[in-house]
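# Structural features, examined
In case you want the letters, here they are:
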Amino acid sequence: MAESIPDSENRRQQIIDAATTLFLARGYNQTTTRDIAKVLNISQPALYHHFGDKETLFVEVVKTVGDQVNRDMKKILARTYTEPIDQLIDLTDAILTRHPRDVFTLIHSSFTSLSDKHQRVLGMVFGQDYVAPIAQFFATMSLRSNIDARTASSFYITSLAPLFGDFHALGAKQTKHERIAQLMDLILYGVAKNN
């Protein structure tokens, strides 16, 4: 017989799920606890019973999603690829699958509204769950002498904006895979013709 999950744990997970959908779609500042409570048809005090405030809930959402992205990327890093660009495309797709908005902007645009403590936590999550796996990928490549894997990873993450909407799109009417492949080609090989 399966053990039942207590109602409190169920409600907490429902809150995280609803908050994840709203925070990832709208961002921290454009999402209110009232919005989250309304989706769940609960009162704000009921939401605050599980999460003391909006900041705590947002941090929990970013930690949860970051952990999921990190696990997805570790599986990809464990695979063998013939071409490095194919692995980078899959790593990028793992991020896009979990994030409808630019992860860098999502996290960093919230900083002005968060306490120093929560900024530090999000900085650690960002470094551990996003930057580190991509740096692991770049550590396997021959990089220019003045570029290390961490710098390459940071550049990569801040260059993903064209994949999160049409405003910064690089090409007209491309599939998601084509958009990712084009941007990864530019990140890995640049725009200048090699002689």
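The model shown is predicted, which means the values in this text are computed figures rather than measured ones.

By the secondary structure assignment, L47 is in helix α3 (residues 44-50). Judged by its relative accessible area of 0%, L47 falls in the buried class. Look past the residues within four positions of L47 in its chain and what remains in contact with it is I15, T33, I36, A37, I42 and L57.

Each pocket or cavity is described by its volume, and for the largest pocket that value is around 330 Å³. Lining the largest pocket we find F138, M141, S142, L143, R144, I147, T151, A152, F155, I187 and L188. For the lining of the largest pocket, the elements supplying multiple residues, two or more each, are α8 (149-158) and α9 (176-189). Taken together, the residues of the lining of the largest pocket break down into eight nonpolar, two polar and one charged.

A word on the pattern of salt bridges. What the rule picks out here adds up to five salt bridges. The salt bridge partner of R26 is D35, with a shortest N-O separation of 2.9 Å. Judged by relative accessible area, which is 23%, D35 ranks as partly exposed. Where R71 meets D67, a salt bridge forms, and the shortest distance between an N and an O atom there is 3.1 Å. Of this pair, R71 and D67 both sit in helix α4 (residues 54-77), four residues apart, which is roughly one turn of that helix. Residue classification places R71 among the partly exposed positions, given a relative accessible area of 44%.

A few words on the UniProt feature "DNA-binding region" (unreviewed entry) in the protein. Here the UniProt-annotated "DNA-binding region" (unreviewed entry) positions come out as residues 32-51. Secondary structure across residues 32-51 comprises 75% helix and 0% strand; the distance between its end C-alpha atoms is 13 Å.

A residue-level look at the protein finds 92% of positions with pLDDT of 70 or above and a mean pLDDT of 89. Within the protein, the element-level pLDDT minimum falls on helix α6 (residues 103-110), averaging 86, and the maximum on α4, averaging 96. In the model, residues 1-5 has pLDDT below 50 throughout and makes one contact with residues more than four positions away in sequence or in other chains.

Time to look at the UniProt feature "domain: HTH tetR-type" (unreviewed entry) in the protein. Within this structure's numbering, the places UniProt gives as "domain: HTH tetR-type" (unreviewed entry) are residues 9-69. As a span, residues 9-69 carries 80% helix and 0% strand, and end to end its C-alpha atoms are 23 Å apart.

With 57 residues, the main nonpolar core has I36, L57, F138, Y156 and M184 as its most contacted residues. Among the secondary structure elements, those contributing two or more residues to this core are α1 (7-26), α2 (33-40), α4, α5 (84-98), α6, α7 (116-139), α8 and α9. Ranked by the residues each element gives to this core, the list is headed by α4, at ten residues. Those residues in contact with L57 that lie beyond four places of it in its chain are I15, A19, F23, I36, L47 and F51.

So, on to the environment of D116. One can find D116 in helix α7. Once the C-alpha coordinates of D116 and I42 are considered, the two residues, 74 residues apart in sequence, prove to be 30 Å apart.

With that settled, consider the packing of α6 against α7. Running from N to C, α6 and α7 point in directions that differ by 165°, and their axes come no closer than 10 Å. Between α6 and α7, the interaxial angle falls into the category roughly antiparallel. Note that α6 runs across α7; the crossing there is left-handed. Residue-level inspection shows V103, F104, I107, H108 and S110 of α6 in contact with α7, the latter providing L122, F126 and Y130.

A separate point is the packing of aromatic side chains. For the structure on display, the rule yields seven aromatic pairs. When the ring of F23 is compared with that of F58, the centres are 5.0 Å apart and the planes differ by 80°; the resulting orientation is edge-to-face. Taken as a pair, F23 in helix α1 and F58 in helix α4 lie far apart in primary sequence, 35 residues in all. The class for F23 is buried, based on a relative accessible area of 0%. For F58, a relative accessible area of 0% translates into the label buried. Taken together, the ring pairs connect F23, Y28 and F58 into an aromatic cluster.

Cut-offs used in this document
Residues numbered from 1 in each chain as written. Predicted model: local features only at pLDDT ≥ 70, side-chain atom pairs only at ≥ 80, totals over all residues. Heavy atoms only, no water. Helix = DSSP H or I, 4+ residues; strand = E, 2+ residues; numbered from the N terminus. Buried < 20%, exposed > 50% of the residue type's maximum accessible area, 1.4 Å probe, protein only. Contact = heavy atoms within 4.5 Å. 1 Å grid on protein atoms, 1.4 Å probe; cavity = no way out; pocket = protein on both sides within 12 Å on 5 of 7 lines; lining within 4 Å. Points joined across faces, edges and corners; volume = space filled by probe spheres on them. Nonpolar A, V, L, I, M, F, W, Y, C, P; charged D, E, K, R; others polar. Salt bridge = Lys/Arg side-chain N within 4 Å of Asp/Glu carboxyl O. UniProt positions renumbered as here; feature names shortened; annotations may be inferred. pLDDT = per-residue confidence, 0-100. Core = buried A, V, L, I, M, F, W, Y, C linked by side-chain atoms within 4.5 Å. Axes fitted to C-alpha atoms, helices over the stretch in contact; angles between N-to-C directions. Parallel < 35°, antiparallel > 145°, perpendicular 65-115°, else oblique. Left-handed = near helix turned anticlockwise from the far one by under 90°. Phe/Tyr/Trp six-rings, centres within 6.5 Å; stacked < 30°, edge-to-face > 60°.

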